[in-house]
Amino acid sequence: MSTPAAGAAILAPRRSSRFVAWVRAWRAGLVPFDEVADEVAGDEEHLVADAPGTWTDVPLRDALPTLAKLSPDEIRLVLPAPGDPRGLPGPGDFAGAALVTGEAVIAGALGLIPEVRVHTSGSGDTFSTVLWRVYPLPPNAPAASLTLPGAAEAEAELAAALADTTAALTRLDVAQWRPELAGALEALRRPDGTTDLPPGFDPRSRRLFARAAVLDRVLALAGHAAPGGAVNNHEAQQRDAALRPLTTACRQALVAACNAPLRP
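Conventions adopted
Residues numbered from 1 in each chain as written. Predicted model: local features only at pLDDT ≥ 70, side-chain atom pairs only at ≥ 80, totals over all residues. Heavy atoms only, no water. Phe/Tyr/Trp six-rings, centres within 6.5 Å; stacked < 30°, edge-to-face > 60°. Lys NZ or Arg CZ within 6 Å of the ring centre and 35° of its normal. Buried < 20%, exposed > 50% of the residue type's maximum accessible area, 1.4 Å probe, protein only. Helix = DSSP H or I, 4+ residues; strand = E, 2+ residues; numbered from the N terminus. Arc of directions from axis to C-beta. Contact = heavy atoms within 4.5 Å. Pairing = 2+ DSSP bridges. Axes fitted to C-alpha atoms, helices over the stretch in contact; angles between N-to-C directions. Parallel < 35°, antiparallel > 145°, perpendicular 65-115°, else oblique. Nonpolar A, V, L, I, M, F, W, Y, C, P; charged D, E, K, R; others polar. Core = buried A, V, L, I, M, F, W, Y, C linked by side-chain atoms within 4.5 Å.

We now examine the packing of aromatic side chains. What describes a pair of aromatic rings is the distance from one ring centre to the other and the angle between the planes of the rings. Following the criterion strictly, the structure yields three aromatic pairs and no others. With 5.3 Å between their ring centres and 55° between their planes, W26 and F33 make a pair best called tilted. The ring of W26 is capped by R27, whose NZ or CZ atom sits 4.8 Å from the centre of that ring.

Okay, structure coming up:
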């Protein structure tokens, strides 16, 4: 029988993070073009809507040449949240959609946002299709905020936030009302083969990405209400307050890792 904890364990890393990491490595000449689309998509179908020069949705592989003239530094991950639009290029359709989705890619003058569509087969199996919708960015849009932390700063902030949040959740006796969350935190101590970055990223960025990607899935689980009404509104507010700094630190860690300078 599938449990919420088991479901959390197999959740994929954010699709925008994989897109940015592998497309940047391709543009740096570190991975061949033929591998990029498959690495980004995994076992999902990925399509692209509104790509320049197209009139209909096209497979991701057919849309990637649109980015062939970009340098790695022109491709960036943004993980905005309400009240925290860091990394976005300014007001507009792209920024609004990115805030709703919580993740996006900036690629030169274009922005891409993944729209996940879940389908159910006749036999009851579920599968996802990802549609990357392309947005033209506002003319003369400002560059991403220079205040975004680098990998070293993001790693320190994540470690501090994790320690503080773990202590807070212990005080709230999270194991009593959300035992699968308490157990999921142990995943941070185990290697996770699904969170590897492509060639070109330094050891710090790899370590930061692996840890933040697992933690990102733990936080997704924590964001769901406990089953059976085990938590009242006051307790839920305490939980959310305890998790908020860690959620912010986790987002910035993923951004710092994926946008880190690449090395041959």
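Don't stop here, the text continues.
This part takes up helix 3 (residues 33–41). Of all the residues in helix 3, the buried ones are V36, A37, V40 and A41. For helix 3, the angular spread of the buried residues around the axis is 105°, confining them to a single face. In helix 3, those exposed residues whose orientation departs by more than 90 degrees from the buried face are D34 and D38. The inward-facing, buried residues of helix 3 abut helix 2 (15–27), strand 1 (45–49) and helix 4 (60–63).

Next up on the list: the sheet that holds strand 1. Pairing is mixed across the open sheet formed by six strands, whose spatial order is 2-1-6-5-4-3. With partners counted over all chains shown, the strands left at the sheet margins are strand 2 (58–59) and strand 3 (75–78), one partner each. As paired strands, strand 3 and strand 4 (residues 104–107) are joined by four bridges and run antiparallel to one another. The residue of strand 4 that forms the bridge with R76 is I106. Helix 2 contacts strand 3, strand 4, strand 5 (110–120) and strand 6 (126–136) of the sheet and is inclined by roughly 165° relative to strand 3. Running over the sheet, helix 5 (residues 93–101) touches strand 4, strand 5 and strand 6 and is turned about 40° from strand 5.

Think of two packed helices as two axes; the pair is described by the angle between the axes and how far apart they sit. At a minimum axis separation of 9 Å, helix 2 and helix 3 run at an interaxial angle of 175°. It follows from the interaxial angle that helix 2 and helix 3 lie roughly antiparallel. Every residue of helix 3 that contacts helix 2 at R18, F19, W22, V23 and W26 is listed here: F33, V36, E39 and V40. In terms of residue class, the contact of helix 2 with helix 3 is made up of seven nonpolar, no polar and two charged.

Moving on to the nonpolar core. Counting 54 residues, the largest nonpolar core has F19, L64 and L158 as the members making the most contacts within it. Broken down by element, the residue count for this core peaks at ten residues, all from helix 10 (residues 233–258). The contact partners of L158, leaving out residues within four places of it in the chain, are L208, R211, A212, L215, L246, A249, C250 and A253. If you look at the next biggest cluster of nonpolar residues, it comprises eleven residues, including L88, A95, A97 and A98.

For D50, which is not glycine, the phi torsion reads 65° and is therefore positive. Counting through the fold element by element, D50 comes out in the loop between strand 1 and strand 2.

Here the focus is the environment of E35. For E35, the location among the structural elements is in helix 3. E35 sits twelve residues away from V23 along the chain, and the two C-alpha atoms are 9.9 Å apart.

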